[in-house]
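# Structure assessment
One-letter residues, chain by chain:
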Amino acid sequence: MDVSWEGLGWERLGNGVGRRRLPVWDATAALVAGADRALLFDTGSSLREGAELRSQTQRLLGRRVTHIALSHPHFDHVLGTAAFAGAEVFGAVGLAALLRNGREELHSSAVRHGVPEHEAAEAVDVLVAPRHEVCGEWTLDLGGGLQVLLADVGPGHSGHDLAVLVPGSPAVVFCGDLVEQSGEPQAGSDAVPSRWPAALDRLLALGGEEAVYVPGHGAVVDAAFVRAQRDRLAARFGVS
Ligand SMILES: [Zn+2]
């Protein structure tokens, strides 16, 4: 059985690497598959969406997602995690405590943004906090010579921003909401504007000039776009 990424609504970005732009909020969920293990970056806005990602990734790979990395603690990126029983979950340092203590806030934020109340309630009820926290950088060996880097590049868009670098030619950097292409970057009450430009400098240092940068929301961009967004944010927040 040969299932195509495009056929399931995914954008293929390399060998075993792709992402889907999820409906409604256009959040990216990304998949990176090595010979032995497969990493999902973000899990959608509900258990229903997480379960759909699980069945799609199973069809694409013919095997399970073994690892999950969460870009940051916003509802549209983390509420599907419980659909992946047994996966090892990673997040930026401090994310686990924030998710454990922030269920109410996550629930109300999801409902405010239009997630049906029962779906939000169900998802926060079984919310999965990361068992592994990344401070600095963490290399994850997916097998067959593919090692991806999880990098705690924040804070910026939130207090806990994690990016993923997939080496290759070109390299792919999954940026989470530190980069947005479909609109102006969203700065909510948990954003740390004064540190956001520096987080984008770290993203650019990770990927370099040739990498493909995948925003949390919107189309794939290049280093020049990320640098321009960095400069606009610095001007908007009055930091250099
Ligand atoms: Zn966000």
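Nothing here was measured: the structure is a model prediction, and the numbers come from that model.

Once that is clear, we can look at the sheet that holds strand E11 (residues 172–180). Across the sheet, five strands lie side by side as E8-E9-E10-E11-E12; this open sheet has mixed pairing. Because the sheet does not close on itself, it has two edges, and the strands there are strand E8 (137–143) and strand E12 (212–217). Going from strand to strand, the sheet's axes swing by 25° on average, the running direction of each strand aside. Where strand E10 (residues 162–166) lies against E11, three bridges are found, and the strand directions are antiparallel. Bridge assignment links Leu165 to a residue of E11, and that residue is Val173.

Time to look at the packing of aromatic side chains. For the structure on display, the rule yields five aromatic pairs. Look at Trp25 and Phe75: their rings are 5.1 Å apart centre to centre, the planes differ by 90°, and that puts the pair in the edge-to-face class. Placement of the pair is Trp25 in the loop between strand E2 (17–21) and strand E3 (28–33) and Phe75 in helix H2 (residues 75–78), with a sequence separation of 50 residues. Centroid distance Phe90 to Trp138: 6.2 Å. Interplanar angle 45°. Geometry classified as tilted. Placement of Phe90 in strand E6 (residues 88–92) and of Trp138 in strand E8 is noted, with a sequence separation of 48 residues between them. By relative accessible area, Phe90 is classed as buried at 4%.

Rules and cut-offs
Residues numbered from 1 in each chain as written. Predicted model: local features only at pLDDT ≥ 70, side-chain atom pairs only at ≥ 80, totals over all residues. Heavy atoms only, no water. Pairing = 2+ DSSP bridges. Helix = DSSP H or I, 4+ residues; strand = E, 2+ residues; numbered from the N terminus. Axes fitted to C-alpha atoms, helices over the stretch in contact; angles between N-to-C directions. Phe/Tyr/Trp six-rings, centres within 6.5 Å; stacked < 30°, edge-to-face > 60°. Buried < 20%, exposed > 50% of the residue type's maximum accessible area, 1.4 Å probe, protein only.

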